[in-house]
Amino acid sequence: MTLPHLGCTKADLDTPSLCVDLDALEFNIAAMSGACRERSIDWRPHSKCHKSPLLAQKLIASGAIGVTCAKLGEAEVMAKGGVTDTLIANLIVGPKKVARLVELRRIADPVVCVDHIDQATAFSKAMSDAGLSLRVIAEVDIGLARVGVAAGDAAVELARHVHELPGLTLAGIMGYEGHLLTLDDGEEKAIAIHAALKVLTDTAYQIRSAGLPCEIVSCGGTGSFKYTVQAPGITEMQAGGGMFMDAFYRYGCQISDWKYALTVLATIVSRPAPDRAIIDAGRKTMDGTSHKPLVFGRDDIRVESLSAEHGALKLDPSTQDLKIGDRLEIIPGYSDMTCVLHDNFLGFRGDKLEVIWPLEGRGRLQ
Ligand SMILES: Cc1ncc(COP(=O)(O)O)c(C=O)c1O
């Protein structure tokens with residue numbers, strides 16, 4: 001695919017194309033970064049949604065201390081792009097990955113998670129053999145029931161083991177309140193999130209009371225951001241996807257303060273009925289599972305369904321003059337699952353292409 005040239009307009013693009021409104025993105029970044037700064041919390045935005053070292057550099061220039069990654073491969077891409085302070089918020093298992101982690105440690109200073117002594121023992125042996133030291137945090141289950149050591153005594157015991165192992169530095173703990181993102185916004189959501197995070201901060205207190213270090217207490221998602229950022233005892237915030245916003249964050253998680261920054265530019269390729277139009281963007285171009293995509297700036301057009309390569313739009317009577325060849329911008333259902341389908345972000349300032357960010361970590365699933 002030939003890349004569009006900088007300075008071109010959206011009319012010059014072929015479709016479908018993944019576009020970023022840089023003004024909206026910068027508004028969202030400033031809001032997230034500013035809220036963390038106000039509460040003296042370090043912002044380490046999750047990069048699983050963009051996987052781009054260039055965008056990560058922009059986040060760091062806007063106040064982030066580094067990025068969170070979902071995969072070892074993503075952290076490798078970040079390190080090669082000069083982003084060395086990464087938290088790999090996932091469990092790294094197996095000799096091949098541990099060997100890669102040693103190589104990553106030679107060029108970067110990642111923080112990695114464990115929820116069992118077996119993961120830590122493998123890291124310890126590999127790091128000591130290489131004469132290196134690795135920052136490790138214990139992942140605690142705060143109700144998500146995904147991974148994580150149990151809070152309280154079991155977490156303290158794991159932290160003690162990590163602290164005693166050569167080649168490892170106990171750096172703290174993390175948890176993820178991902179099971180609470182879509183609760184009805186308001187008091188109920190606030191209480192549930194603060195209760196889950198209290199489990200994490202109480203565990204941090206217990207670890208410190210046992211004479212062990214626990215500098216990092218990390219958690220946070222976009223859907224819980226406004227409550228998590230106010231929780232006492234949290235030191236790091238992982239929320240990242242909010243920089244793009246999407247229909248899921250807006251309506252599933254009820255976030256109304258941030259702007260839609262990510263769209264898919266699509267073309268109407270068929271008009272099979274007066275009230276139906278078909279666009280060239282389906283499930284292989286954008287996510288519609290977490291929430292139906294929205295048509296940017298058009299309440300009179302609804303995305304009705306997505307098949308692999310087609311999107312079906314339902315048109316109000318007032319919109320039925322749309323023609324084959326007309327273009328629309330679509331807000332994805334979930335930005336995270338949309339970005340991984342594309343090679344590049346096309347960053348627009350107004351209608352002018354200002355920057356292209358390749359998704360270099362795309363496909364780095366190992
Ligand atoms: C460990 C972890 N932290 C944070 C997040 C939140 O990410 P985001 O803010 O991009 O929604 C997720 C989302 O899946 C996650 O798995």
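Quick notes on the rules
In every chain, residue numbers begin from 1 and rise along the written sequence. Local features in this predicted model are restricted to residues whose pLDDT is 70 or higher, and side-chain atom pairs enter the listing and the counts only when it is 80 or higher, whereas totals over whole chains, interfaces and linings include all residues. Helix axes use the C-alpha atoms of the stretch in contact, all axes being lines fitted to C-alpha atoms, and the angles between their N-to-C directions lie in the range 0 to 180 degrees. A run of DSSP states H or I qualifies as a helix once it reaches four residues; a run of E qualifies as a strand once it reaches two. Both are numbered from the N-terminal end. By the definition adopted for this analysis, an angle is roughly parallel if under 35 degrees, roughly antiparallel if over 145, roughly perpendicular if from 65 to 115, and oblique otherwise. We call a crossing left-handed when the near helix sits turned anticlockwise from the far one by less than a right angle, and right-handed when that turn is clockwise. Note that contacts rest on C-beta atoms placed from the backbone: two residues are in contact if these are within 7 Å. Residue classes follow a fixed rule: Ala, Val, Leu, Ile, Met, Phe, Trp, Tyr, Cys and Pro count as nonpolar, while Asp, Glu, Lys and Arg count as charged, and any other residue, Gly among them, counts as polar. Domain boundaries shown here were taken from an automatic or database domain assignment. We call a residue near a molecule or strand when its C-beta atom, built from the backbone, sits within 6 Å of it. Exposed residues have 12 or fewer other C-beta atoms within 10 Å of their own C-beta, buried residues have 20 or more, and partly exposed residues fall in between, where C-beta atoms are placed from the backbone. Here, a nonpolar core means buried Ala, Val, Leu, Ile, Met, Phe, Trp, Tyr and Cys residues linked by C-beta atoms lying within 7 Å of one another.

Colleague: Looking at this structure, how should I read the packing of helix 4 (residues 95-107) against helix 5 (residues 117-130)?
Modeller: Helices that pack against each other are described as a pair by the angle of their axes relative to one another and the distance between those axes. Put simply, helix 4 and helix 5 touch, their axes get as near as 10 Å, and they point 50° apart. The angle between helix 4 and helix 5 falls in the class oblique. Crossing hand, helix 4 versus helix 5: right-handed. Along the contact surface, helix 4 presents V98, A99, L101, V102 and R105, while helix 5 presents A122, F123, A126, M127 and A130. The class makeup of the residues in the contact of helix 4 with helix 5 is nine nonpolar, no polar and one charged.

Colleague: Just to check I follow, could you spell out the domain arrangement of the protein chain for this structure?
Modeller: By a frequent convention, interface size equals the accessible area lost on bringing the separate parts together. Domain annotation for the protein chain reports domain 1 (10-17 + 257-357) and domain 2 (46-239). Put simply, the middle of domain 1 and the middle of domain 2, counted by C-alpha atoms, are 35 Å apart. Listed by partner, the interface residues are five residues for domain 1 and six residues for domain 2. Here the element with the most residues in the side of domain 1 that touches domain 2 is helix 10 (residues 335-339); it accounts for three residues. Looking at the side of domain 1 that touches domain 2, its residues break down into three nonpolar, one polar and one charged.

Colleague: I would appreciate a short explanation of the site of the ligand in the present structure.
Modeller: The ligand sits among H46, C49, A89, Y176, G178, G221, T222, Q238, A239, G240, G241 and G242. Taken together, the residues of the shell around the ligand sort by class into four nonpolar, eight polar and no charged.

Colleague: I tried to follow unusual backbone geometry on my own but got confused; where do I start?
Modeller: P16 follows T15 through a cis peptide bond whose omega is -5°. Here P16 lies in the segment before strand 1 (17-21). Look at M245: it is not a glycine, yet its phi comes out positive at around 60°. Residue position: M245 is located in the loop between strand 10 (236-237) and helix 9 (247-252). On the basis of neighbour counts, which here come to 25 C-beta atoms within 10 Å, the residue M245 falls in the buried class. Phi at Q254 is positive, roughly 60°, even though this residue is not glycine. You can see Q254 is positioned in the loop between helix 9 and strand 11 (262-273). The class for Q254 is partly exposed, based on 16 C-beta atoms found within 10 Å.

Colleague: Would you explain the nonpolar core in this entry?
Modeller: For soluble globular proteins, the rule of thumb is that nonpolar side chains tend to be buried together. V136, A138, A155, V162 and I173 are the most contacted members of the largest nonpolar core, which totals 110 residues. Each of domain 1 (10-17 + 257-357) and domain 2 (46-239) accounts for three or more of the residues forming this core. Every residue in contact with A155, bar those within four places of it in the chain, is listed here: A138, V140, V149, A150, I173, T203 and I207.

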